[in-house]
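Working through the structure, step by step
This is what each chain is made of:
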Amino acid sequence: MAESKPDRPIGPRAASPRRGGWTHLKVAAALGAGWLALHAATPPGFLPVPNGSFESPDTDFADPRIDRWQEMPKPEWYDEQQQGPWAQLTGVFQNTAPGAEDHIDNMDGEQALFLFAVPGAGVFLDANAVDWSGVPPAEPFGAVYEPFKAYELTVGLIGGGYGMLEGVPLTLQLYYLSETGEHVPVAATEVIYSQDVFPASRTHFIDFSVRTPTIWPDSPAAGRPIGIALISTVPFELAGGFWDVDNVRLREVTGPRIAHPAVIGDQFTFDVVGEPETIYRVLAAPTPDAPSGQWQTVIELTTDPEGRASFSETLAGQRGRFYRLEQAL
Ligand SMILES: [Ca+2]
Ligand SMILES: [Ca+2]
Ligand SMILES: [Ca+2]
């Protein structure tokens, strides 16, 4: 289906991200502002996301440039003459002062990302991403999908900017980079704007997450570079308004693992150790190196608040059998 132009103005000419408007936007001259390494410690299990808090480049109002993240390319239908520069649909902005009516109370640091709800607008980050500077970073985003782990992306969001309509989606996606550099989705979720979910004050980020399935050694993603994409997937009829985005976190979820295997009478038992109150699937195959397609589901178990569950099955009639656990999504 051919893309058509929206019938109402939706670009930055039609609105500005926060109070003050684009007339005050300081498109700073080249400051040589490479990504400033922010030496905040990354908590255990979390992988560092370069400029994941959008603190760079530093601005005291708003800046359409975003260090480290690459912007989605301008689609054919988007008319910069009418709707303003595509580059201005995304950028970083400074929080207002504490006590101000529109001060965001749980911003990580002092800046966040604005992203207009225009079809195809967005940003992504992976080992090949090149930001506004056009210069590949000295240290590319180096995270890769490791076998036997799952990956969880969490992002703080505020919807509703500039009269955003109910039902406007924003897609949070984890993908891998193929050998030819294509973005192959691994997991994605659409966050849907609703006044029930997002407070009208627009002063508090709400976290949303998406998690991949367990990456097996023969998963196409295994060993491939991790990519993160935040993309406006709004249809033309709902386009308009903008999102605030902050504090992009990438967590490596280890396990689950099998503990305390034992034979008790005619029963084989083990404990499942994983995340609290999570559903895991016990899979079995006749050999430990069987391809993923040959592992059959034995049962699904839900862990307790300590992240444990116990498994048992009768040994009668079983020949050699190997077990694997994966999270049931
Ligand atoms: Ca931030
Ligand atoms: Ca600043
Ligand atoms: Ca931009």
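So, how was this worked out
- Positions within a chain are numbered from 1, following the residues in the order the chain's sequence is written.
- Chains and ligands are labelled sequentially in the order written, the chains with letters from A and the ligands with numbers from 1.
- Side-chain atom pairs in this predicted model are given and counted only at pLDDT of 80 or more, local residue features only at pLDDT of at least 70, and totals for whole chains, interfaces and linings cover all residues.
- Helix and strand assignments come from DSSP, with helices taken as H or I runs of at least 4 residues and strands as E runs of at least 2, each series counted from the N terminus.
- A residue's pLDDT is the confidence the predictor assigns to it, expressed on a 0 to 100 scale.
- Working definition of a contact: two residues with C-beta atoms, positioned from the backbone, lying within 7 Å.
- A pair of strands is treated as paired once DSSP finds two or more bridges between them.
- Axis definition: a line fit to C-alpha positions, over the contact stretch in the case of helices; interaxial angles, taken between N-to-C directions, run 0 to 180 degrees.
- Backbone-placed C-beta atoms define the burial measure: a residue is buried with 20 or more other C-beta atoms within 10 Å of its own, exposed with 12 or fewer, and partly exposed in between.

1. Quick notes on the environment of Y176
- For Y176, the position within the fold is in strand β8 (residues 169–177).
- Sequence-wise, Y176 and I226 are 50 residues apart; in three dimensions their C-alpha atoms are separated by 4.9 Å.

2. Some thoughts on the confidence of the model for the protein chain
- Looking at the protein chain, pLDDT values average 88 and 88% of them are 70 or higher.
- Across residues 13–39, confidence stays below pLDDT 50; counting only partners more than four residues off in sequence or on other chains, it has 37 contacts.

3. Topic: the sheet that holds strand β17 (residues 308–314)
- Pairing is antiparallel in the open sheet, where 3 strands are placed in the order β13-β14-β17. Two strands in the sheet have a free side with no partner beyond their single neighbour: β13 (257–264) and β17. If you compare each strand with its neighbour and ignore which way they point, the axes differ by 20° on average.

4. A short note on the pairing of strand β7 (residues 149–161)
- Along β7, 10 of the 13 residues are buried, which leaves the element largely enclosed by surrounding structure.
- Note that β7 and strand β12 (residues 242–254) share 10 bridges and pair antiparallel. Across the sheet, the residue bridging to G161 is F242, located in β12.
- When β7 meets strand β10 (residues 206–211), the two strands line up antiparallel, connected through 6 bridges. Within β10, the residue paired with L153 across the bridge is V210.

5. Here's the deal with unusual backbone geometry
- Cis geometry is found at the peptide bond from S56 to P57, where omega equals 5°.
- Assignment of secondary structure puts P57 in the loop between β1 (46–47) and β2 (62–63).
- You will see that R202, though not glycine, has its phi angle at about 55°, which is positive.
- Locating R202 in the fold gives a position in the loop between β9 (183–192) and β10.
- The phi dihedral of H260 is positive, around 55°, even though this residue is not glycine.
- Structurally, H260 can be placed in strand β13.
- The exposure class of H260 is exposed, given the 9 C-beta atoms found within 10 Å.

6. A closer look at the environment of A316
- With respect to the helices, strands and loops of the structure, A316 is situated in the loop between β17 and β18 (322–327).
- For A316, a count of 7 C-beta atoms within 10 Å gives the class exposed.
- The spacing of A316 and F268 is 48 residues in sequence and 9.8 Å in space, taken between C-alpha atoms.

7. Things to note about the sheet that holds strand β16 (residues 296–302)
- Read from one edge to the other, the open sheet built from 3 strands follows the order β16-β15-β18, with strand pairing classed as antiparallel. Lying at the two open borders of the sheet, with one neighbouring strand each, are β16 and β18. Here the average twist between neighbouring strands, direction ignored, is 25°.
- When strand β15 (residues 279–285) meets β16, the two strands line up antiparallel, connected through 6 bridges. Among the inter-strand pairings, Y280 is bridged to a residue of β16, identified as L301.

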